[in-house]
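An overview of the molecular structure
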Amino acid sequence: MRISDILRVKGDKVVTVTPGSDVTQLLALLAEHRIGAVIVSADGTHVDGIVSERDVVRALAERGAAVLSEPVTAIHTVQVRSVAPDAAVEDVERLMTEHRFRHVPVIEGGSLRGLVSIGDVVKNRIDELETERTSLAGYITGERS
Ligand code: AMP
């Protein structure tokens, strides 16, 4: 299974925020779209960074509410790990586990093609297990779906 298979199901929509936006605007985006991270991008295509709810929590704990009026670039991560659409889903699972993050942007030819979250990866794994279970049950009972 490839990352492109996941994107085919979930779509290629990625919520981005411009580097000049402040943390309050970031929080509004996270709440509006019910997501945990957004890509920081000046043009909506190239990845300048990633910022997640964890970055906000950490900065709030360190510097207090003043963080809310700081630009997202004060708290974002610049060294973003990404994958190509033809990456294996297992490689992304490994990347998330090794580096302890839950979001991986998908990039092709320097442009953003989608974003895979740990929720997408878990859903894909459950779907695979369900397909396998149905086919094994069919094999045992002699019924084919
Ligand atoms: P998350 O678990 O995705 O909410 O992110 C945890 C931390 O890792 C935050 O500091 C994020 O900015 C950072 N982060 C999230 N995704 C990535 C990624 N793909 N590459 C590098 N850092 C990331």
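For the structure itself, consult the block above.
Residues numbered from 1 in each chain as written. Predicted model: local features only at pLDDT ≥ 70, side-chain atom pairs only at ≥ 80, totals over all residues. Heavy atoms only, no water.

1. Quick look at the overall build of the protein
The test is simple: Numbering of helices and strands runs from the N terminus; a helix is a DSSP stretch of H or I covering at least four residues, while a strand is a stretch of E covering at least two. Exposure is judged per residue with a 1.4 Å probe applied to protein chains only, and the accessible area is read against the type maximum: over 50% gives exposed, under 20% gives buried, and values in between give partly exposed. Any two residues whose heavy atoms approach within 4.5 Å are treated as being in contact. Neither His nor the chain ends contribute to the count of charged residues, in which Lys and Arg are positive and Asp and Glu negative. One atom stands in for each charge, and that atom is NZ of Lys, CZ of Arg, CG of Asp or CD of Glu.
Along the backbone of the protein there are 5 helices and 5 strands. Listed N to C, the secondary structure of the protein is α-β-α-β-β-α-α-β-β-α in terms of helices and strands. Principal-axis analysis of the C-alpha atoms gives the protein an extent of 65 × 35 × 30 Å. The buried share among the 145 residues of the protein stands at 34%. Within the protein, contacts between residues at least 6 apart in sequence are counted, and of these 54% link residues at least 24 apart. Each charge class in the protein was averaged separately, 17 positive and 22 negative side chains, and the resulting centres sit 3 Å apart.

2. Quick look at the environment of Leu-95
Looking at where Leu-95 falls in the secondary structure, it is placed in helix H4 (residues 89-99). The contacts of Leu-95, once residues within four sequence positions are left out, are Arg-81, Val-83, Arg-100, Phe-101 and Val-104.

3. Topic: the pairing of strand S3 (residues 49-52)
Applicable threshold: The criterion for strand pairing is that DSSP finds at least two bridges linking the strands in question.
Burial of the side chains of S3 extends over both faces: Gly-49 and Val-51 are buried on one face and Ile-50 and Ser-52 on the other. Bridge analysis of strand S2 (residues 37-40) against S3 gives 4 bridges, and the strand direction is antiparallel. Note that in S3 the partner of Val-38 across the bridge is Val-51.

4. Here's the deal with a nonpolar patch on the surface
This is how the line gets drawn: What makes a patch is a set of residues exposed beyond 30% relative accessible area and free of salt bridges, joined within 9 Å when like-charged and within 5 Å when nonpolar (Val, Leu, Ile, Met, Phe, Trp, Tyr). Only the protein chains shown count as cover for residues, and the accessible areas themselves come from Shrake-Rupley with a 1.4 Å probe. Salt bridges are counted wherever a side-chain nitrogen of Lys or Arg sits within 4 Å of a carboxyl oxygen of Asp or Glu.
Together, Ile-118, Val-122 and Ile-126 give the surface a local cluster of nonpolar side chains, amounting to about 260 Å² of exposed area. Structurally, Val-122 is set in helix H5 (residues 118-141). Taking the relative accessible area as the measure of exposure, Val-122 reaches 43% and is therefore partly exposed.

5. What about the pairing of strand S4 (residues 103-108)?
Pairing between S4 and strand S5 (residues 111-117): 6 bridges, direction antiparallel. Within S5, the position partnered with His-103 by the bridge is Ser-117. Where S4 folds back on S5, the antiparallel hairpin that results is connected by 2 residues, among which Gly-109 adopts a positive phi of roughly 55°.

6. As for the site of the ligand
What counts is decided by this rule: Residues are counted as near a molecule or strand when any one of their heavy atoms sits within 4 Å of it. Two N or O atoms form a polar contact when they lie within 3.5 Å of each other; inside protein one atom must be a possible hydrogen donor and the other a possible acceptor, and for residues adjacent in sequence the pair counts only when both atoms belong to side chains. Gly falls in the polar group here, along with every residue not listed as nonpolar (Ala, Val, Leu, Ile, Met, Phe, Trp, Tyr, Cys, Pro) or charged (Asp, Glu, Lys, Arg).
Taken together, 14 residues lie near the ligand, and Ser-52, Asp-55, Thr-77, Arg-102 and His-103 sit nearest. Within the contact set of the ligand, an oxygen atom lies 2.7 Å away from a side-chain nitrogen or oxygen of Arg-102. Every element with two or more residues in the shell around the ligand is listed here: S3, helix H3 (53-63) and S4. Of the residues belonging to the shell around the ligand, the class tally is 5 nonpolar, 4 polar and 5 charged.

7. So, the environment of Gly-110
The residue Gly-110 is located in the loop between S4 and S5 in this model. With 26 residues separating them in the primary sequence, Gly-110 and Ala-84 have C-alpha atoms 9.8 Å apart. Filtering out sequence-adjacent residues up to four positions away, Gly-110 remains in contact with Thr-45 and His-46.

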